[in-house]
Amino acid sequence: MFSSFAGVVTMSLCASYLEKILVEIDTLPPVSEVFHKILELTGGDDASRDELVRCVSLDPAISAKILQTINSAYFGVSEKVSSLKVAVGLLGDVNIRDIAIMCAASGVLRKSIMGYGIMAEEFWFHSVTAAFASRQISEKIGGEDHDLAFSAGLLHDIGKLAIDRVIRETQKDMSWDTKKDFMPHYHEMEADAYGFDHCTAGFFLARSWSLPDKLTSAIAFHHATDLEGQDNELIHIVNFADILAHFMSMKIINSDFIMLLLEENQIPFEFSPRDIEDIYAKLRIEMEYSEALLKM
């Protein structure tokens, strides 16, 4: 009798928490319309530079960031660039897409999530690192869409934004002790406390933003890689990218340990320790090169 009653109470609490999450989702600002347009432009093979220039020019913040980036000391151009088209030509399509996508998402991702004890810059850095790692992994395995992988890595943890207020109100401990654990287990702690995790919250948030199905699926299942019937390649890419991003934040690389994590998470990529070291090295260079892009 008592176990039955406890089950009813638990279900009621879970429903109440989920209801609060859905209300919180309604209060979060949507990603820029430019974000959707760039996903559309980079999702096919016929995207032209003129279309890309036209798209980013619709958003003054993105245009300003592109011009700021090309005129920064890092790129060292001899004369000041004031033309967006010239800037696009000098930076290249990939960098332009990265700047535009990160700018379009920075309004929602550059926030502290204090329920987790994570400051805004830390959350932003992890999201961006996972984005570049997702692209690196996608390129390594010959994935179908490297730009989609970049976006999936960037947005994989958006559910934490929605669940953060509930964590603060209930005062649950969701902090990650790096001295005790190599990897945080946020999704397990969330599920124990509320009956669902940030992946579930991320699914509802992605749906409210009308994100593409593959992108929504990667956000919703990046910690559930053993589920059947899913589009697993992108899900596995993001799961592995998340692992690499956490390792990079701790400034450590242990390819043998990462190989064990790949097996533990049932990630099907046939990577050798050398492959992992190569991905990590390129990721480190990518992040250093992109420092000018990240100071938004």
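Residues numbered from 1 in each chain as written. Predicted model: local features only at pLDDT ≥ 70, side-chain atom pairs only at ≥ 80, totals over all residues. Heavy atoms only, no water.

1. Quick word on the environment of glutamate 121
Threshold: Numbering of helices and strands starts at the N terminus; helices are DSSP runs of H or I of at least 4 residues and strands are runs of E of at least 2.
Mapped onto the fold, glutamate 121 is located in helix H7 (residues 120–141). Separated by 10 residues in sequence, glutamate 121 and lysine 111 place their C-alpha atoms 7.6 Å apart.

2. Considering the packing of helix H4 (residues 60–70) against helix H5 (residues 84–91)
The cut-off we apply is this: Every axis corresponds to a line fitted to the C-alpha atoms, with the helix fit spanning only the stretch in contact, and the corresponding angles, defined between N-to-C directions, vary from 0 to 180 degrees. In these notes the angle categories are as follows: under 35 degrees is roughly parallel, over 145 is roughly antiparallel, 65 to 115 is roughly perpendicular, and the rest is oblique. Throughout, a crossing is termed right-handed when the near helix is turned clockwise from the far one, and left-handed when it is turned anticlockwise from it by less than a right angle. In what follows, a contact means two residues having at least one pair of non-hydrogen atoms within 4.5 Å. Residues were grouped as follows: Ala, Val, Leu, Ile, Met, Phe, Trp, Tyr, Cys and Pro as nonpolar; Asp, Glu, Lys and Arg as charged; and all remaining residues, including Gly, as polar.
Taken N-terminus to C-terminus, the directions of H4 and H5 make an angle of 55°; their axes are 10 Å apart at the nearest point. Considering the angle they form, H4 stands oblique to H5. Of the two possible hands of crossing, H4 and H5 adopt the one that is left-handed. Where H4 approaches H5, its residues Ser63, Ile66, Leu67, Thr69 and Ile70 are matched on the opposing element by Leu84, Ala87, Leu90 and Leu91. Taken together, the residues that form the contact of H4 with H5 break down as seven nonpolar, two polar and no charged.

3. Things to note about the packing of aromatic side chains
Stated precisely, the cut-off is as follows: Aromatic contacts are taken between Phe, Tyr and Trp rings whose centres are within 6.5 Å, Trp giving its six-membered ring; a plane angle under 30 degrees counts as stacked, one over 60 as edge-to-face, and the others as tilted. Between buried and exposed lies partly exposed: a residue is buried under 20% and exposed over 50% of the maximum accessible area for its type, with that area taken using a 1.4 Å probe on protein chains only. When the NZ atom of lysine or the CZ atom of arginine is within 6 Å of a ring's centre and also within 35 degrees of its normal, the charge is said to sit over that ring.
Counted according to the given criterion, the structure contains seven aromatic pairs. Considering the side-chain rings of phenylalanine 240 and phenylalanine 271, the 5.6 Å spacing of their centres and the 35° angle between planes classify their relative orientation as tilted. In this pair, phenylalanine 240 sits in helix H13 (residues 232–249) while phenylalanine 271 sits in the loop between helix H14 (255–264) and helix H15 (273–289), placing the two residues 31 residues apart along the sequence. The two residues phenylalanine 240 and phenylalanine 271 agree in class, both being buried. Ring geometry for phenylalanine 269 versus phenylalanine 271: centroids 5.6 Å apart, planes at 50°, classification tilted. Neither phenylalanine 269 nor phenylalanine 271 differs from the other in exposure class; each is buried. Over the face of the ring belonging to tyrosine 116 we find lysine 160, whose NZ or CZ atom lies 5.6 Å from the ring centre.

4. Considerations on unusual backbone geometry
Its identity is not glycine, yet glutamine 171 carries a phi of approximately 55°, on the positive side. Relative to the assigned elements, glutamine 171 resides in the loop between helix H9 (159–170) and helix H10 (186–194). A relative accessible area of 71% places glutamine 171 in the exposed class. Despite not being glycine, serine 210 has its phi angle at roughly 60°, a positive value. Mapped onto the elements, serine 210 comes out in the loop between helix H11 (198–208) and helix H12 (213–221).

5. Considerations on H15
Since the α-helix packs 3.6 residues into each turn, any two residues three or four apart lie on the same face. We count it as follows: Take the residue count of a helix, subtract one, and multiply by 1.5 Å to get its expected span. Picture the helix axis, draw a direction to every C-beta atom, and the arc is the one those directions span.
For H15, which comprises 17 residues, the first-to-last C-alpha distance of 24 Å matches the rise-based estimate of 24 Å (1.5 Å per residue) to within 8%. Within H15, the full set of buried residues consists of Ile276, Ile279, Tyr280, Leu283, Glu286 and Met287. The arc that holds the buried residues of H15, viewed along the axis, is 125°, so those residues lie on one side. For H15, the exposed residues set more than 90 degrees away from the buried face come down to Arg274, Ile285 and Glu288.

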